[in-house]
Amino acid sequence: AQSVAQPEDQVNVAEGNPLTVKCTYSVSGNPYLFWYVQYPNRGLQFLLKYITGDNLVKGSYGFEAEFNKSQTSFHLKKPSALVSDSALYFCAVRDGSTSYGKLTFGQGTILTVHP
Amino acid sequence: GAVVSQHPSRVICKSGTSVKIECRSLDFQATTMFWYRQFPKQSLMLMATSNEGSKATYEQGVEKDKFLINHASLTLSTLTVTSAHPEDSSFYICSARGTGVGQPQHFGDGTRLSIL
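Keep in mind the model is a prediction, meaning the values are calculated, not measured. (Residues numbered from 1 in each chain as written. Chains lettered and ligands numbered in written order. Predicted model: local features only at pLDDT ≥ 70, side-chain atom pairs only at ≥ 80, totals over all residues. Heavy atoms only, no water.)

### Regarding the interface of chain B and chain A
- Contacts between the two partners involve 23 residues from chain B and, on the opposite side, 22 residues from chain A.
- Between chain B and chain A, roughly 1700 Å² of surface is buried when both sides are summed, and carbon and sulfur atoms account for 51% of that area.
- At the boundary of chain B with chain A, the tally comes to two salt bridges.
- Between A:Arg42 and B:Asp109 there is a salt bridge, and its shortest N-O distance comes to 3.1 Å.
- At the junction of chain B with chain A, the criterion picks out nine residue pairs in polar contact (both at pLDDT 80 or more). (Contact = heavy atoms within 4.5 Å. Buried area = accessible area lost by both parts, 1.4 Å probe. Salt bridge = Lys/Arg side-chain N within 4 Å of Asp/Glu carboxyl O. Polar contact = N/O pair within 3.5 Å; in protein donor to acceptor, adjacent residues only side chain to side chain.)

### Observations concerning the pattern of salt bridges
Residue and element names in this part refer to chain A.
- Counted according to the given criterion, the structure contains six salt bridges over all chains.
- Lys58 is the partner of Glu64 in a salt bridge, and the nearest nitrogen-oxygen pair spans 2.9 Å.
- Assessed through its relative accessible area of 18%, Glu64 is described here as buried.
- Residue classification places Lys58 among the exposed residues on the basis of a relative accessible area of 64%.
- Lys78 is paired through a salt bridge with Asp85; the nearest N and O atoms lie 2.8 Å apart. The burial state of Lys78 is the same as that of Asp85; both residues are buried. (Buried < 20%, exposed > 50% of the residue type's maximum accessible area, 1.4 Å probe, protein only.)

### Section: the state of the cysteines
- One pass over the structure, following the stated rule, counts two disulfides over all chains.
- Note on cysteine connectivity: A:Cys23 is disulfide-linked to A:Cys91, with sulfurs 2.0 Å apart. One quick way to see it: the torsion about the S-S bond of A:Cys23 and A:Cys91 is about -60°, and its sign makes the bridge left-handed. One end of the pair, A:Cys23, is in the loop between β3 (19-21) and β4 (24-26); the other, A:Cys91, is in strand β10 (residues 87-95), with 68 residues separating them in the sequence.
- The exposure class of A:Cys91 is buried, given its relative accessible area of 0%.
- Each sulfur of the disulfide joining B:Cys23 and B:Cys94 lies 2.0 Å from the other. On the S-S bond that ties B:Cys23 to B:Cys94, the torsion sits near 80°, and the link is right-handed. Of this pair, B:Cys23 sits in strand β3 (residues 19-25) while B:Cys94 sits in strand β9 (residues 90-97), and the two are 71 residues apart along the sequence. When sorted by exposure, B:Cys23 lands in the same class as B:Cys94, which is buried.
- The cysteine B:Cys13 is free of any disulfide, with B:Cys94 supplying the nearest cysteine sulfur at 18 Å. (Disulfide = S-S within 2.5 Å. Helix = DSSP H or I, 4+ residues; strand = E, 2+ residues; numbered from the N terminus.)

Structure below.
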């Protein structure tokens, strides 16, 4: 079985400050990790992924995430938040050791960036 | 980037009506497509997975006769909600994944279904 935990329902930051959205995961095989963002009444937009290689991955809109195997974490970060970053963020994991692995999503974290 | 087109974006219809939702991958071949349902302020609930040319695999608790899925080509999957009732009202989102190791899933913009 696989699972994802996003321990914070909401994260509030001031514009220009760094932001972190936390994610921890559990999977029996190779972890393929993803971050998505969802704006109201829209589908999910892919931000970044970790499959293998460097633990720090960079994605769209200035976001990055660090894979930490020992802590089974994949926290999303951005050095300087924008008001337009306010949205719902989902972390997801898939077992990469199988071709037909399904994504398991966390419960989502609402990010609010204040002007 | 990879684009998934889903339509209609919103449907309002009477109870007992069947509703078809289309999901197309516009610039890549989707060997696998997924259909999700999302309740307000909640995460996505996987309903079914379909591979091109095969029958869909439904998650536990999802009625396959109620939610008919067809994945006839590498770029098109459809979800038909048959004889819809008010409890079927929800936000339905499709997703597609191409070939290759570690390919992410790309999502459509969702369909807001409201059954009166």
